[in-house]
Amino acid sequence: MSDKAVTITVYGAETICASCVGAPSSKETYEWLEAAIGRKFPDRTFVMDYVDINTEQKDPKKAAFVERVWEEDLFYPVVLVEDEIVGEGNPRLKAVYKELEKYGFQTAE
């Protein structure tokens with residue numbers, strides 16, 4: 001098992017996506033994912049990153065993805081594991097966990 005930290009990035013905004021009324025905010029989703037992943041995989045190292053899509057980004061990679069969110073009308077929050085989109089709008093834990101398992105994440109026994 002690799003000890004390399006896997007990065008989970010949540011792209012979102014303070015306002016809730018118009019198509020996602022009733023869903024948690026992007027920031028709430030970020031906090032929920034961080035807690036859920038930490039409980040499911042307590043022995044694994046991961047890094048959570050929140051990117052506000054309404055704020056100018058200095059990092060060119062983040063700026064390009066923010067532009068993609070707007071151009072492709074992606075439902076936010078958009079959740080990425082490394083560079084793979086694993087959820088939009090109201091992400092499913094199973095999809096996030098499945099992607100993390102590709103990086104060697106396993107539940108503690």
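Since this is a predicted model, take the numbers as computed values, not measurements.

**Some words on the sheet that holds strand β4 (residues 84-88)**
Pairing is mixed in the open sheet, where four strands are placed in the order β2-β1-β3-β4. Only two strands of the sheet have a single partner each, and these edge strands are β2 (46-52) and β4. Averaged over neighbouring strand pairs, the angle between their axes works out to 20 degrees when direction is ignored. Bridge count for strand β3 (residues 78-81) against β4 is four bridges, and the pairing is antiparallel. Bridge assignment links valine 79 to a residue of β4, and that residue is glycine 87. Helix α1 (residues 26-40) rests against β1 (6-12), β2 and β3 of the sheet, and its axis sits at about 175 degrees to β2.

**Considering unusual backbone geometry**
Here the bond from tyrosine 76 into proline 77 is cis, since omega is 10 degrees, no more than 30 degrees from zero. Tracing the backbone through its elements, the reader meets proline 77 in the loop between α2 (60-71) and β3. At aspartate 73, a position not held by glycine, the phi torsion is positive, near 50 degrees. Within the secondary structure, aspartate 73 sits in the loop between α2 and β3.

**Digging into the pairing of β2**
Within a regular beta strand, the side chains point alternately toward one face of the sheet and then the other, so they alternate between its two faces. Of all the seven residues making up β2, five are buried; the element is thus mostly covered by neighbouring parts of the structure. Relative to β2, β1 runs parallel, the two being bridged by seven bridges. Within β2, the position partnered with valine 6 by the bridge is phenylalanine 46.

**Describing the packing of aromatic side chains**
Overall, the coordinates contain five aromatic pairs when judged by the stated rule. Ring centres of tyrosine 30 and tyrosine 50 lie 5.8 Å apart, and the angle between their planes is 70 degrees; on these two criteria the pair is classed as edge-to-face. One end of the pair, tyrosine 30, is in helix α1; the other, tyrosine 50, is in strand β2, with 20 residues separating them in the sequence. Like tyrosine 30, the residue tyrosine 50 is buried in the burial classification. Directly above the ring of tyrosine 30 sits lysine 27, whose terminal nitrogen or CZ lies 5.2 Å from the centroid. The positively charged end of lysine 27 is found above the aromatic ring belonging to tyrosine 50, 4.3 Å away from the centroid.

**Re the nonpolar core**
By size, the foremost hydrophobic cluster in this structure holds 18 residues, and its most contacted members are Ile8, Ile37, Val96 and Leu100. Elements represented by at least two residues in this core include exactly β1, α1, β2, β3 and α3 (93-101). With four residues, α1 is the single largest residue contributor to this core. Contact partners of isoleucine 8, with chain neighbours within four places excluded, come to Ile37, Phe46, Val47, Met48, Asp49, Val79, Leu80, Val81 and Leu100. Of all hydrophobic cores here, the second largest spans eleven residues; its members include Val51, Ile53, Val66 and Val69.

**Regarding the layout of surface pockets**
By volume, the largest pocket amounts to about 200 Å³. Lining the largest pocket, in full, are Thr7, Thr9, Tyr11, Asp49, Asp59, Lys61, Lys62, Ala64, Phe65, Leu80, Glu82 and Asp83. Within the residue set of the lining of the largest pocket, elements represented by two or more residues are β1 and α2. Of the residues forming the lining of the largest pocket, the biggest block, four residues, is contributed by α2. Class assignment of the residues belonging to the lining of the largest pocket gives a composition of four nonpolar, two polar and six charged.

What counts and what doesn't
Residues numbered from 1 in each chain as written. Predicted model: local features only at pLDDT ≥ 70, side-chain atom pairs only at ≥ 80, totals over all residues. Heavy atoms only, no water. Pairing = 2+ DSSP bridges. Helix = DSSP H or I, 4+ residues; strand = E, 2+ residues; numbered from the N terminus. Axes fitted to C-alpha atoms, helices over the stretch in contact; angles between N-to-C directions. Contact = heavy atoms within 4.5 Å. Buried < 20%, exposed > 50% of the residue type's maximum accessible area, 1.4 Å probe, protein only. Phe/Tyr/Trp six-rings, centres within 6.5 Å; stacked < 30°, edge-to-face > 60°. Lys NZ or Arg CZ within 6 Å of the ring centre and 35° of its normal. Core = buried A, V, L, I, M, F, W, Y, C linked by side-chain atoms within 4.5 Å. 1 Å grid on protein atoms, 1.4 Å probe; cavity = no way out; pocket = protein on both sides within 12 Å on 5 of 7 lines; lining within 4 Å. Points joined across faces, edges and corners; volume = space filled by probe spheres on them. Nonpolar A, V, L, I, M, F, W, Y, C, P; charged D, E, K, R; others polar.

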